[in-house]
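A closer look at the structure
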Amino acid sequence: MSDIAGTLWTSPGQYTGRVIKAAAAFGGIKLGFPANYVHHEDNHKEEFKSKFPHSKIPAWLGSDGFTLFESAPVARYVASLAPNSGLLGSNLRERTLIDQWVHLIEEVNDNTENIEEILDGDLVPYTKPMHTTFISQQLRGLTTLNNHLATRTFFVGERITLADIYVGALVLRACHINIDTAERKKLPHLMRHLETVVNQPVFEGIFPSVPVLEKARAYVPPKKK
Ligand SMILES: N[C@@H](CCC(=O)N[C@@H](CS)C(=O)NCC(=O)O)C(=O)O
């Protein structure tokens, strides 16, 4: 008999997948992973789609047969399997506040994804105003998160919750793209929080260390043929 709580479809570098892995590690929940899953291929096959109709990862198949997709609900569900972990707070208000911060960082992350796509040439045509808008929307969210942490160690209550893991993982992602030295200076509390979260011993092997990006990635127009 397997002692895993369920199987998680993710890819090694996926930051939302890391959130789910971290929530599981924190709660002492064992996860399984599908053998030989090839992303962008297997997720479009009938076998995957019959369980997860949106064909995207992260996706969850519990050992009891329960299926779920979309990273935030999967993370919340996995955290709920460890009720003593405190990851979902200790009352309805705390749970709702955790949701609030998770939603906000997801919004920030939508802008991070847009920035990455525009830099990679996947959002065409490139326009400077669009790039600037994504950056300023992202910074607006990051600033709200940073300000909240000015007087607190963690987002909700006195202990680490899912909000901290979610925010930490997705801020870390942005640190690889455009949170550079100048921007880090504007977000000192958020950067301190990030170090606190990713360096929890229980998360060893899940998060890479925080990069020191000197300059945000810039758009490089493709060479004319
Ligand atoms: N809102 C979803 C987004 C998931 C998502 O965009 N997953 C991508 C990761 S590469 C995916 O599976 N893409 C496959 C596809 O678009 O076919 C979540 O938070 O889980």
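The rules behind these values
Residues numbered from 1 in each chain as written. Predicted model: local features only at pLDDT ≥ 70, side-chain atom pairs only at ≥ 80, totals over all residues. Heavy atoms only, no water. Buried < 20%, exposed > 50% of the residue type's maximum accessible area, 1.4 Å probe, protein only. Helix = DSSP H or I, 4+ residues; strand = E, 2+ residues; numbered from the N terminus. Right-handed = clockwise from strand over helix to strand, strands pointing away. Pairing = 2+ DSSP bridges. Domains from an automatic or database assignment. Contact = heavy atoms within 4.5 Å. Buried area = accessible area lost by both parts, 1.4 Å probe. Salt bridge = Lys/Arg side-chain N within 4 Å of Asp/Glu carboxyl O. Polar contact = N/O pair within 3.5 Å; in protein donor to acceptor, adjacent residues only side chain to side chain.

Section: the pairing of strand S1 (residues 6-9)
Sheet faces and side chains relate simply in a regular strand, where the side chains alternate between the two faces. The alternating pattern of S1 places Gly6 and Leu8 and Thr7 and Trp9 on opposite faces, both of which are buried. Tracing the backbone out of S1, into helix H1 (residues 15-27) and back to the parallel element strand S2 (residues 31-32) gives a crossover that is right-handed. Across four bridges, S1 lies against strand S3 (residues 59-62) in antiparallel orientation. Bridged to Leu8 within S3 is Trp60.

Some words on the pairing of S3
With three bridges connecting them, S3 and strand S4 (residues 67-69) associate as antiparallel partners. Of the residues in S4, the one forming a bridge with Trp60 is Leu68. With antiparallel pairing between neighbouring strands as the criterion, S3 and S4 make up a hairpin whose turn holds four residues, including Gly65 at a positive phi of roughly 95°.

Some words on the domain arrangement of the protein
Interfaces are often described in size by the accessible area the parts lose on coming together. Domains assigned within the protein are domain 1 (6-85) and domain 2 (92-203). Placing the centre of domain 1 and that of domain 2 at their C-alpha centroids yields a distance of 22 Å. Listed by partner, the interface residues are 13 residues for domain 1 and 16 residues for domain 2. Together, the buried faces of domain 1 and domain 2 total about 1,300 Å²; carbon and sulfur atoms form 72% of this surface. The interface formed by domain 1 and domain 2 holds one salt bridge in total. Between Asp99 and Arg76 there is a salt bridge, with the nearest N and O atoms lying 2.8 Å from each other. Run the count over domain 1 and domain 2 and you get five residue pairs in polar contact (both at pLDDT 80 or more).

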